[in-house]
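Chain residues, written in single-letter form:
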Amino acid sequence: MTSTWRWLLVAAIAPLAWGSTYVVTSQLLPADSPVWGAAMRALPAGLVLLLLARRLPRGRWWWRSAVLGVLNVGAFFVLVYLAAQLLPSGVAAMLMATSPAVILLLAWPIAREKPAALSLVGAIVGFAGVVVLLAGATGALDLWGVAASLAAMLMSSVGFVLARRWNDGTPALSVTSWQLTMGGLALVPVALLVEGAPPALDAAGIAGAAYLALVATALAFATWFAALQHLPAGAVGLVGLLNPVAGVALGVLVAQETFTVVQVIGMVTVLLGIVLGQPAIAAGLRGARERRAARRARRRMVPTDTAQLRVRAAGGV
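Owing to the predicted nature of the structure, the values given are computational and were not obtained by experimental measurement. (Residues numbered from 1 in each chain as written. Predicted model: local features only at pLDDT ≥ 70, side-chain atom pairs only at ≥ 80, totals over all residues. Heavy atoms only, no water.)

(A) Helix α9 (residues 203-228), seen in detail. When the terminal C-alpha atoms of α9 are compared, their 36 Å separation across 26 residues agrees well with the 38 Å that a helix rising 1.5 Å per residue should span. In α9, a bend of some 30° at L212 exceeds every other bend along the element. Its side-chain oxygen 3.3 Å from the backbone nitrogen of A204, D202 forms the N-cap of α9. (Helix = DSSP H or I, 4+ residues; strand = E, 2+ residues; numbered from the N terminus. Expected span 1.5 Å × (residues − 1). Bend = angle between axes of the 7 residues up to and from the residue. Polar contact = N/O pair within 3.5 Å; in protein donor to acceptor, adjacent residues only side chain to side chain.)

(B) View of the packing of helix α2 (residues 34-53) against α9. Between α2 and α9, the least distance of the axes is 8 Å, while the angle of their chain directions is 60°. One way to sum up the angle between α2 and α9 is to call them oblique. You can see that α2 and α9 cross each other, and the crossing is right-handed. Contacts from M40, R41, P44, A45, V48 and L49 in α2 reach L212, A213, L214, A216, T217, A218 and F221 in α9. Of the residues in the contact of α2 with α9, the class split is 11 nonpolar, one polar and one charged. (Axes fitted to C-alpha atoms, helices over the stretch in contact; angles between N-to-C directions. Parallel < 35°, antiparallel > 145°, perpendicular 65-115°, else oblique. Left-handed = near helix turned anticlockwise from the far one by under 90°. Contact = heavy atoms within 4.5 Å. Nonpolar A, V, L, I, M, F, W, Y, C, P; charged D, E, K, R; others polar.)

(C) Just the side chain of R164, in detail. Relative to the elements of secondary structure, R164 occurs in helix α7 (residues 143-165). A polar side-chain atom of R164 sits 2.6 Å from the main-chain carbonyl oxygen of L228. Ignoring sequence-local partners within four residues, the contact set of R164 consists of A111, E113, L228, Q229, H230, L231, P232 and A233.

(D) Geometry of the pattern of salt bridges. Counted according to the given criterion, the structure contains one salt bridge. Ionic pairing is found between D168 and R64, a salt bridge with its closest N-O pair at 4.0 Å. One end of the pair, D168, is in the loop between α7 and α8 (172-195); the other, R64, is in helix α3 (residues 61-86), with 104 residues separating them in the sequence. Assessed through its relative accessible area of 41%, D168 is described here as partly exposed. Under the relative-accessibility criterion, R64 is labelled buried at 7%. (Salt bridge = Lys/Arg side-chain N within 4 Å of Asp/Glu carboxyl O. Buried < 20%, exposed > 50% of the residue type's maximum accessible area, 1.4 Å probe, protein only.)

(E) Region of interest: a nonpolar patch on the surface. A contiguous nonpolar patch, built from I13, V48, L52, L173, L214, V215 and L219 and spanning about 530 Å² of accessible area, is present on the exposed surface. Sorting elements by how many residues they give to the nonpolar patch places α9 first, with three residues. Here V215 shows up in helix α9. (Patch = residues over 30% accessible without salt bridge, like charges linked within 9 Å, V, L, I, M, F, W, Y side chains within 5 Å. Areas by Shrake-Rupley, 256 points an atom, 1.4 Å probe, with all protein chains shown as cover.)

(F) Highlighting the environment of S3. With respect to the helices and strands, S3 occurs in helix α1 (residues 3-28). The partly exposed category is assigned to S3, whose relative accessible area is 42%. Spatially, the C-alpha atoms of S3 and H230 are 9.1 Å apart, while their sequence positions differ by 227 residues.

(G) Structural detail: the packing of α1 against α9. Here α1 crosses α9 at 155°, and the two axes come no closer than 8 Å. Here α1 lies roughly antiparallel to α9, going by the angle between them. The hand of the α1/α9 crossing is left-handed. Residues that form the contact of α1 with α9 fall into these classes: 21 nonpolar, six polar and no charged.

So, to be careful, I would describe these as geometric facts and stop short of saying anything about function.
In structure tokens, the structure reads:
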């Protein structure tokens, strides 16, 4: 297995974990405390990773961490929390899955990464799969929930591309811990002003909050940003299409949400878009074309070489 595919597998951990946040949030956490819910998810995760990284920001990484903390953590987590409470798990995850196409487009002007033609095709195919998934959903959709999900997608897309552009060799674990901690600290005073004291959680709520902080945040963000340091932003973004797959599957298994044949078709289309748009696939196709061209060139050279040998054997020059 090449290093590219290994990092793609590492990147896949994040969207699979993120896809589970919608079910956990809607089933185990209080619906009326989105800011506290976001703070309880971000700050513990950031502090755990900070203890592991044992490194504080230096120089420009103070303001960079604050910017990334708002885009990728602070406002993002609040919007995801709202979307999880207002929309079916699968639908919320599907809307977030428009992110790969946005990341591909933003990576060009922000990170100076021109998208490959096959990556754009993969994004289009994946987005088509998301549309099919959404079309297969049953019941009315809350417009505020849709708006919250799309706003979260846009903010995180900008944040992910900026993280790629600002990659200067600083360990991914450190960068992740800084933005999670910054975002969590920014949320606490807002939560106190808007929602008052932290909500009381029962045992299930505590377990859900712990899962969101440690698995769906600390582990997921660490693997995601590690992959961003080794792969183009567009390639990692396409892996994010696994988010709706996990969201729909868990919505069916845990929350007894409806799952239709149309959604199965959409899910398969999403997976096809992920595979089709990966750079390793494009490189393999280019390599195959180059090998075919080389074989044709060798075949064209054989008659000429044979004729030259005959001339030399006859005493010619």
